[in-house]
Amino acid sequence: MSGLTGKVAVVTGGDAGIGRAISLRLARDGADVVVVSNVAAQAQAVAGEVQALGRRGVAHTVDVTDVAAVAALAEAVEGEFGRADILVTSAGLMGARAFLTDTPVEEWRRTIEVNLNAGFYCIKAFLPGMLARDSGRIITISSISGKLPAAMNSDYAASKHGVIGLTKALALELGILGKNGITANALCPGTTDTPMMDQITDHMPPKGRMTRDEFIKKAVASKSIQRRLLDPDEIADMAGFPASDQARGGTGQAVNVCGGAVLF
Ligand SMILES: NC(=O)c1ccc[n+]([C@@H]2O[C@H](COP(=O)([O-])OP(=O)(O)OC[C@H]3O[C@@H](n4cnc5c(N)ncnc54)[C@H](O)[C@@H]3O)[C@@H](O)[C@H]2O)c1
């Protein structure tokens, strides 16, 4: 029997990149997985991969910035599975790659809405069930940009600092309520090879004859001690532990998985 057998996990942005890797990791550990995305075909494909691992995999097409749709998702999961034990908020976008005054207001709002506010909407929707059972694992996906901002990406840095603040405040409030069965932790990945990398190269095309991969290696990955991009599975492996029952003493933490790009 695997560690998460019988658990139900909900993974937003579970259709691609880090969220997909986490969905599959949790399924390999025994969990049934609800894959949430605003891209139906991708969510269904990952739900199929979960099923191929012998678990229940269900896709829900939801825009996580739609408060009513997120509330309906929580109700639907409660109806289909009886509960949600693990919530992972991985849906996100890269935001503007521009100097602050060149960042369009609408783009700033969109980044904060998807990367930060939607996490709040999801936690608000799924927490009541966890509170009633005094049992749950909330894992938010921040970034090393939540600790050390990258220049020309202030909307993203602000959103990811916010995710850490939200997660720590939630952990404090759970403690005040004595709900020690629920933990809330943030993961802070370093640069990871996912479709999000294309959002960087779209905004900052490689100069001269540099290929996309050479550019990413030189401009982005070189900033870590290990001087490499991370694989989504490495982030997923780090998510496996806080999702488990064994991690009951770890809450309010913001854990780096970044090849040493950030040392605090
Ligand atoms: N890739 C990296 O280098 C990196 C580093 C640090 C943190 N992160 C964070 O990890 C998380 C996942 O990133 P990724 O690299 O896997 O990105 P990705 O683009 O590969 O996947 C994110 C997924 O989120 C989904 N999504 C976006 N907006 C949505 C919305 N409104 N409603 C529902 N789903 C939505 C998209 O369908 C997309 O597939 C993000 O929060 C990102 O900020 C990524």
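First, a word on what this report is: a plain description of the structure on this page.

## Structural notes on the sheet that holds strand S1 (residues 8-12)
Through backbone hydrogen bonds, the strands of a sheet pair up, either in parallel or in antiparallel fashion. What the seven strands build is an open sheet, ordered S3-S2-S1-S4-S5-S6-S7; its pairing is parallel. For this open sheet the edge positions go to strand S3 (57-61) and strand S7 (254-257), each flanked by a neighbour on one side alone. In this sheet, adjacent strand axes meet at a mean angle of 20° when their direction is disregarded. Of the strand pairs in this sheet, S1 and strand S4 (residues 86-89) are connected by four bridges, and their pairing is parallel. Across the sheet, residue Val10 finds its bridge partner in S4, namely Leu87. Contacting S1, S4, strand S5 (136-141) and strand S6 (182-189), helix H4 (residues 105-133) runs over the sheet at an angle of about 175° to S4.

## Section: the site of the ligand
Lining the immediate environment of the ligand, one finds 31 residues, of which Ile18, Tyr156, Lys160, Thr192 and Thr194 sit closest. Taking Asn38, its side chain carries an N or O atom lying 3.3 Å from an oxygen atom of the ligand. Within the backbone of Thr192, one N or O atom sits 2.7 Å away from an oxygen atom of the ligand. When the free accessible area of the ligand is taken as 820 Å², the share hidden by the protein chains comes to 94%. Of all elements in the fold, only helix H1 (17-28), H4, helix H5 (154-176) and helix H6 (196-203) reach the threshold of two or more residues within the shell around the ligand. Per-element tally for the shell around the ligand: the top contributor is H6, with three residues. The residue makeup of the shell around the ligand, split by class, is 13 nonpolar, 14 polar and four charged.

## Observations regarding helix H8 (residues 232-240)
Along H8, the residues classified as buried are Pro232, Ile235, Ala236, Ala239 and Gly240. Projected onto a plane normal to the axis of H8, the buried residues spread over an arc of 150° and lie on a single side. Where H8 is buried, its residues touch H1, S5, S6 and S7. Sitting at the head of H8, Asp231 places a side-chain oxygen 2.8 Å from the backbone nitrogen of Asp233.

## A closer look at the packing of H1 against helix H2 (residues 40-52)
At a minimum axis distance of 9 Å, the contact between H1 and H2 shows a crossing angle of 20°. When the axis of H1 is compared with that of H2, the two are roughly parallel. For H1 against H2, the interelement crossing comes out right-handed. Counted together, Arg20, Ser23, Leu24 and Ala27 of H1 and Val46, Glu49 and Val50 of H2 form the full contact between these two elements. Of the residues assigned to the contact of H1 with H2, the class counts are four nonpolar, one polar and two charged.

So, how was this worked out
- Residues numbered from 1 in each chain as written.
- Predicted model: local features only at pLDDT ≥ 70, side-chain atom pairs only at ≥ 80, totals over all residues.
- Heavy atoms only, no water.
- Pairing = 2+ DSSP bridges.
- Helix = DSSP H or I, 4+ residues; strand = E, 2+ residues; numbered from the N terminus.
- Axes fitted to C-alpha atoms, helices over the stretch in contact; angles between N-to-C directions.
- Contact = heavy atoms within 4.5 Å.
- Near = heavy atom within 4 Å.
- Polar contact = N/O pair within 3.5 Å; in protein donor to acceptor, adjacent residues only side chain to side chain.
- Areas by Shrake-Rupley, 256 points an atom, 1.4 Å probe, with all protein chains shown as cover.
- Nonpolar A, V, L, I, M, F, W, Y, C, P; charged D, E, K, R; others polar.
- Buried < 20%, exposed > 50% of the residue type's maximum accessible area, 1.4 Å probe, protein only.
- Arc of directions from axis to C-beta.
- Parallel < 35°, antiparallel > 145°, perpendicular 65-115°, else oblique.
- Left-handed = near helix turned anticlockwise from the far one by under 90°.

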